Every structure is written in structure tokens, then in C-alpha cells.
Amino acid sequence: MSGNLIEVKDLKMYFPVRTGFMKTTMLKAVDGVNFSIKPGETLGLVGESGCGKTTVGRALLHLYKPTGGEIYYDGNLVTEKNILEYRPKMQMVFQDPYSSLDPRMTVEEIIGEPLDVHHLYSNKKERREKILNLMELVGLNAEHATRYVHEFSGGQRQRIGIARALAVDPKFIVCDEAVSALDVSIQAQVINMFEELQEKLGVAYLFIAHDLLVVRHISNRIAVMYLGRIVETADADELSDSPIHPYTQSLLSAVPIPDPKIAKSSKRIILEGDVPSPLNMPSGCAFRTRCRYATEQCAKECPALKDRGNGHLVACWNK
Amino acid sequence: MSEQMKNEKNVPLLEVIDLHTSFKTDKGEVKAVNGVSYTLEAGKSLGIVGESGSGKSVSAYSIMQILDANGHITQGRILFKGEDITHYTPKQMQDFRGKNCAMIFQDPMTSLNPVYTVGNQITEAIRIHSDKSKDEANKAAVEMLKLVGINDAERRMKQYPHELSGGMRQRVMIAMALVMEPSILIADEPTTALDVTIQAQILELMMELQKKLKMAIIIVTHDLGVIAQMSDEIVVMYGGRICERGTAEDIFYNPCHEYTKGLLRSIPSVNNMKKKLVPIAGTPINLLNMPKGCAFCSRCDSAMKICLTEVPQELRIDKTHLASCWMNVKNGNYMKEAE
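Residues numbered from 1 in each chain as written. Chains lettered and ligands numbered in written order. Predicted model: local features only at pLDDT ≥ 70, side-chain atom pairs only at ≥ 80, totals over all residues.

1. A word on the overall build of chain B
Right, on to step 1. A tally of helices and strands in chain B yields 14 helices and 12 strands.
Right, on to step 2. Taking 339 residues into account, the globule formula puts the C-alpha radius of gyration at 20 Å, and chain B, at 21 Å, falls close to it.
Right, on to step 3. Along the three orthogonal principal directions, the C-alpha set of chain B runs to about 65 × 60 × 45 Å.
Right, on to step 4. Taking all 339 residues of chain B together, the buried fraction comes to 47%.
Right, on to step 5. Long-range contacts, defined as pairs at least 24 residues apart, comprise 62% of the intrachain contacts of chain B with a sequence gap of at least 6. (Helix = DSSP H or I, 4+ residues; strand = E, 2+ residues; numbered from the N terminus. Rg over C-alpha atoms; globule rule 2.2 N^0.38 Å. Buried ≥ 20, exposed ≤ 12 C-beta atoms within 10 Å, placed from the backbone. Contact = placed C-beta atoms within 7 Å.)

2. Overview of the pairing of strand S11 (residues 315-318) of chain B
Residue and element names in this part refer to chain B.
Right, on to step 1. Two strands pair when backbone bridges link them, and S11 and strand S12 (residues 321-323) are joined in this way by three bridges, in the antiparallel orientation. By the bridge assignment for S12, arginine 316 is matched with leucine 322.
Right, on to step 2. Taken together, S11 and the strand that follows it, S12, pair antiparallel across an intervening segment of two residues. (Pairing = 2+ DSSP bridges.)

3. Digging into the sheet that holds strand S10 (residues 241-247) of chain B
Residues and elements named next belong to chain B.
Right, on to step 1. Read from one edge of the open sheet, eight strands run S6-S7-S8-S3-S9-S10-S12-S11, paired in mixed fashion. Whereas interior strands pair on both sides, the edge strands pair on one side only; in this sheet they are strand S6 (101-104) and S11. Pairs of neighbouring strands in the sheet enclose a mean axial angle of 20°, with direction left out of account. (Axes fitted to C-alpha atoms, helices over the stretch in contact; angles between N-to-C directions.)

4. Details of the interface of chain B and chain A
Right, on to step 1. Listed by partner, the interface residues are 35 residues for chain B and 34 residues for chain A.
Right, on to step 2. Looking at the side of chain B that touches chain A, the elements with two or more residues in it are helix H9 (196-213), helix H10 (224-230), helix H11 (248-253) and helix H12 (258-265) of chain B.
Right, on to step 3. The leading source of residues in the side of chain B that touches chain A is H9(B), at seven residues.
Right, on to step 4. Looking at the side of chain B that touches chain A, its residues break down into 17 nonpolar, 12 polar and six charged. (Nonpolar A, V, L, I, M, F, W, Y, C, P; charged D, E, K, R; others polar.)

5. A short note on the pairing of strand S4 (residues 71-80) of chain B
All names here are of chain B.
Right, on to step 1. Bridge count between strand S1 (residues 14-25) and S4: eight bridges; the pairing is antiparallel. Pairing of glutamate 15 across the sheet is with leucine 79, part of S4.
Right, on to step 2. As paired strands, S4 and strand S5 (residues 83-84) are joined by two bridges and run antiparallel to one another. Bridged to phenylalanine 80 within S5 is glutamate 83.
Right, on to step 3. Counting the residues in the hairpin turn of S4 and S5 gives two residues, including lysine 81, whose phi is positive at 50°.

6. Brief notes about the nonpolar core
Right, on to step 1. Counting residues in hydrophobic clusters, the biggest one holds 187 residues, and the most contacted among them are Ala163(A), Phe207(A), Val224(A), Ala175(B), Ile184(B) and Ile218(B).
Right, on to step 2. The greatest single-element share of this core, amounting to eight residues, is contributed by helix H8 (residues 166-178) of chain B.
Right, on to step 3. Sequence-distant contacts of Ala163(A), defined by excluding residues within four places in its chain, comprise Ile111(A), Leu134(A), Met135(A), Leu137(A), Val138(A) and Leu140(A). (Core = buried A, V, L, I, M, F, W, Y, C linked by C-beta atoms within 7 Å.)

7. Side note on the sheet that holds strand S3 (residues 42-46) of chain A
Residue and element names in this part refer to chain A.
Right, on to step 1. Ordered by their spatial adjacency, eight strands build an open sheet running S6-S7-S8-S3-S9-S10-S12-S11, and the pairing between neighbours is mixed. A single partner strand is all that each edge strand has here, and the edge strands are strand S6 (90-93) and strand S11 (306-307).
Right, on to step 2. Summarising the sheet, strand S10 (residues 229-235) and strand S12 (residues 313-314) pair through two bridges and their orientation is antiparallel. Counterpart to threonine 233 in the pairing with S12 is leucine 313.
Right, on to step 3. Sheet strands touched by helix H5 (residues 154-166): S6 and strand S7 (172-176). Its angle to S6, the strand with the most contacts, is close to 175°.
Right, on to step 4. In the packing of helix H9 (residues 246-254) onto the sheet, the strands contacted are strand S9 (221-226) and S10, and the crossing angle to S9 comes to about 105°.

8. Concerning unusual backbone geometry
Residues and elements named next belong to chain A.
Right, on to step 1. In this model, methionine 22 sits at a positive phi of 55°, which is unusual for a non-glycine residue.
Right, on to step 2. Examined against the element boundaries, methionine 22 turns out to sit in the loop between strand S1 (6-20) and strand S2 (23-37).
Right, on to step 3. Among the residues examined, methionine 22 registers 5 C-beta atoms within 10 Å and is labelled exposed.
Right, on to step 4. Notably, histidine 62 is not glycine yet its phi reads approximately 60°, a positive angle.
Right, on to step 5. On the secondary structure map, histidine 62 appears in the loop between helix H1 (53-60) and strand S4 (68-73).
Right, on to step 6. Its 18 C-beta neighbours within 10 Å are what place histidine 62 among the partly exposed residues.

9. With respect to the packing of H9(A) against H9(B)
Right, on to step 1. Remark: H9(A) packs on H9(B), axes separated minimally by 8 Å, with the N-to-C direction vectors making an angle of 55°. One way to sum up the angle between H9(A) and H9(B) is to call them oblique. The way H9(A) lies across H9(B) gives a crossing that is left-handed. Of the residues in H9(B), those touching H9(A) at Ser250(A), Leu251(A) and Ala254(A) are Val196(B), Thr197(B), Gln199(B) and Ala200(B). (Parallel < 35°, antiparallel > 145°, perpendicular 65-115°, else oblique. Left-handed = near helix turned anticlockwise from the far one by under 90°.)

10. As for the confidence of the model for chain B
Residues and elements named next belong to chain B.
Right, on to step 1. Averaged over all residues, the pLDDT of chain B is 91; the fraction at 70 or higher stands at 96%.
Right, on to step 2. Mean pLDDT in chain B bottoms out at helix H1 (residues 2-10), which sits at 56, and peaks at strand S3 (residues 45-49), which reaches 97.
Right, on to step 3. As scored by the predictor, the complex reaches a pTM of 0.89 and an ipTM of 0.84. (pLDDT = per-residue confidence, 0-100.)

11. Digging into helix H2 (residues 56-64) of chain B
Side chains that are three or four residues apart share a direction in an α-helix, a result of its 3.6 residues per turn.
Residue and element names in this part refer to chain B.
Right, on to step 1. When you tally the buried positions in H2, you get eight out of nine residues, the bulk of the element.
Right, on to step 2. If you check which residues of H2 are buried, you get Lys56, Ser57, Val58, Ser59, Ala60, Tyr61, Ser62 and Ile63.
Right, on to step 3. Backbone geometry just downstream of H2 places glutamine 65 in the positive-phi region, at approximately 50°.

Take a look at the structure:
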């Protein structure tokens, strides 16, 4: 399996949506997604809201039951039946540190819960030691152990969430907008912590976010999603410096650069209109309704991801 | 007469002088804005940047006097074309809002009324502020919707907010705000809830309308990218006070306050994306428990003794650039009075 830690093949996640009386339509949140992640690597997954990036993360961990496709961990197929075996190896950090932690549990209980579930200690003393080690790892003081979540700031809560994910010693963590709710100065603290943990523990990340500058900073490779499909994947620098897909180009040009001279002089490719509803997807390439280069072929057939050299994959007929 | 006209020319469009705004809470008085001063020239854009709890939004709400019931302006003046508006009666304020100064908010879904149509809400603003008839108001509203880039404006007039996408709703908000052609538009995190490509559309639209209608913009945001793109001048706030103000170039290329420097170090650098971020240690300040000296001193690497005990005064770094940091005093990095 060429040394990939995570391999996702043709992942599909459809949700039934009631669209009328006795009528349901399938919402194709994720429609045939392929990617792989090597041990200790960070893959950034970007796209606009509703493109399915969060659903990819959740279906990958079987938090949703995927409609189709295969997920491999270290070459082994992960299914609904054996997912419990793989849970200690694959964890998740959620976006909102306010709602993803139980307000009635102390920090010790929150971080200890995964240890209890997976029976990862032999006695109480060992459990306590493990918890304190984890807290130290994410930069929390031992005295915080008996406190409740509401006593912490947003950045500290995110640290608790990360400590909980790390409790089972995972090799892979899905970070779903893990720094989006934080202030800029705190965001940098948490991003640095993710990087340090990766160096120390060798974990791989699927880093889902909409902030492209942050994703570019933290990722080795980046995948761009649009309406349930990946349209371009490449090395982080290559994708940012020479994007090929028209959607990636406009997405990157839309990012406001924190530098007045560059920001005021740069040419933006402003996309017309909004993202189409996933319930009513355009035929062929989903992006064609907003694309400057769209041709007849785009309406007929959906382009597949093709290698343009150096593992730079692009799904577009015209570029 | 000529004297007066001369004066009027020199008077800035909006001048905020030593503004203090407090909220009375069960836990005590929260001084959300603590002595803030800035000026806005006609047709220019001013960016106010800061983290949550820095008082950036409250300072904007104070101008419009739309604070929560427990919030009050306790000190300071807000001059609009030289006239103090802090003592305006509610009726005068209502006139000021909309005609002279309008505001758009972060979340267009919660700031539009879900039970009225778009047309209804825009014409309401017109009919309150002018004596236009229903038909005239309708016409003006359709014109405005077209101006903010909404196709098929007549049909949109009859739709409800829930039928529109996020970007479309923010366009409607902008149309509503600008329908009386105010000279100031205050935008409080106008694109924070939107996707990047939609954000680019809205920011572009705001700049275009600014030129067309010759209005001034105050944009309040935590996003340094948006600030860099939109502002002529920037005010950096922390803990209810201004750290530093100046032109966009001053702030980004020659930051003279430790907080601004820290903020710029904690975002990925454009020139070197892989460079390690340098975060600001600690957590944002609790406004209920303000230190005696500089609000930032507990998180500042360069804090000195004086920072703990005395609030730094605002010093002029150069013609356009002011900063409140004791480091500038220590290093002699300011313009002496005599110059």
C-alpha cells in the first residue's frame, strides 16, 4: 500500500432530504473522494461551506456510515464492524471547544474518559499519571485537572479537546476547523502546538479549515474540494504558487493578504454568484456554472482527477 | 462667514474624542471602551482591528448609540461634522442613523427581520427618513438592490430573507444601509460569516460603492487580511484602549506597539509560509480585572516596571502614526515636541 497510513477510495456520503410530501432526494455531500495520507504528514482540506469537507472527516472516522467507498488504515480495510478496533488510532478534534466538551465533567474526567473506554491503564495511579502527562503535553497546569470547562478560555478549551484526542495515543487526527473559533494570537499558540505534537509523536493530520493561509502554513499537501468532490490536490507550496483548476485560482486570489501593498494591488478573480445547492447539482463538472472557461464538454461529463506531474492532480477539462 | 466656512473645511467628518463606554453587570462595571480617540475623514476608510473583547465593536456601537440597555457612554465626545452627537435626543439620533451614518452587521440572517420581505424592509428605511410615496420608495429600493449587484431585483423585493444565500443577504443589508446615502458606513465584521469567494465579492462591492457614493467606511474586524485590503488608516485596539493608530503602511510595515508586533508575528507570513509562528503568550485580558498599567503588560515579552504601574501615553511616531507603548519612550522612538 506504498506506505500510506490512511487511504480513502471513492468515499461517498449521501443524506436523504425530504423535498416534498412523500418525496426524498439524495443530498450528495461527498461524491467519490480519493486521497491518502502518509504517517506524520498533514493533508489540508479546504473548500467553502457546504462543500463536504467536514463530512469527509466524519465519514472517514465512521461517525457517519459512509454510503460507499473504502477506508484503509495502514493497509487494512476499516468497516463498521471493526471500527472500534481503529478508534484508538484515529481521533478527532472539533471546531467548537464550547460545545464539544461536557460542561458537567472536570478536565480530569474528560481526558480520562477515552482511557476508561479503551482500558488503557492498570490502576488508578497510572490513570492519573497519564492524565497529568497529557495535560502537560498540551500546556495545561496540573491544578487545572479538577476544574470545569466553563472556567477556561477558548484556547485552553481547545487544548483540553486535543488532550482528549491524544489520550489514546492515536496515529491520525482529524482536525475539523480546530482553530477557526479562536482569536489570532491564540490561534498561533494552538497551531504551534499541533506542529510540536507532530514532531514529538509523529501523528498525521487531516487538517480541515477554510482559512487558506493557516492551511498553507501547516500542511504538506492540500486538497481543494468543491461540492462534494476534490478538484485539485498538490504539494502545499505548488498548489498555492501555481494553482491549475479555475476554482482553486479564484479561491486563492480571494484570500485577503495581510499586507497592504499586496492586498491593494493584487488582481482578484471574483466569482459570479453563489455555490449551487447540493440538492440540485449542475450536470458534469459542478463548478461549470461559475467557471470562466466552461465549455459544452463540462456540462456533459465530470472530469476525473489527472496527474499533471509531481503528484499535482487536477480535475478540469480545459486547464 | 468665510471664517466659518474655512473652519468647516478643516473639521473632519467624524471625530471620536476620549470615548469611554461601560456596561453595568452583576460582577461590576465593565469598561469596554476606555479612552478611545480617532478621526475619520470624508470618503476614507478606517479599519478597527482587535481580538474579541478589545472593545472594537463597542466603540462602533457607541457612535450609533445602539448599546445594550446596561451600556452607557460615560465620558468623551463624538463629533459629527463638528457637532457633538452624544447629547442627541433619541429622535435626533434616529435621524442621524440612516441619513448620516448607517451600519451593517456580521450575521445578515439575524439582522434581517425574517417575517418581512426584503422590499418591505428596505422601503421602511426610505419611508421613515423621507417623505417619498410608497411607489417612489419601491422604485428607490429596486434601484438600490441593482446597485449592490442583485440581479432580478423586482423579484427579490418580494422574497423573504430565508430564501436568500448568505452573500445575497449581506448585499440586502448593504442596500438597506445605503438607501439614504449616508456619509458614513460602519461595517462590523461584515464578511466574517461568509466564505472567501463571497467575502471577496462583498469587499469589492463595498469599495466600489464607497467610490460611487463618496462615503467613508469604518470597518471593524479581527481579520488582518481584510483590514490590509480595505483600510486607509488603521486603529489597533486591546483591552478597551488604542494601542496604535496610523496609515495601513505604518501599522503593517512599522508597527510601534508590542501588541501589534505580536499580532503580525502570529499570522503566517506572506513571504515565508513555512516560518514558525510566534504566538502571543497568555490569554486575552479580563475587562473586569484591568491592570493598573498597560493592558497588554501581562502578555508582553518586553514589559518593564513602568508598564505595570502606569498607562502609557499616546506618542506621535511620525506625522500619521501614533502609538501608546513605553518601549517607544525607552528607545526615544517618537517625535519631540520642538520638531
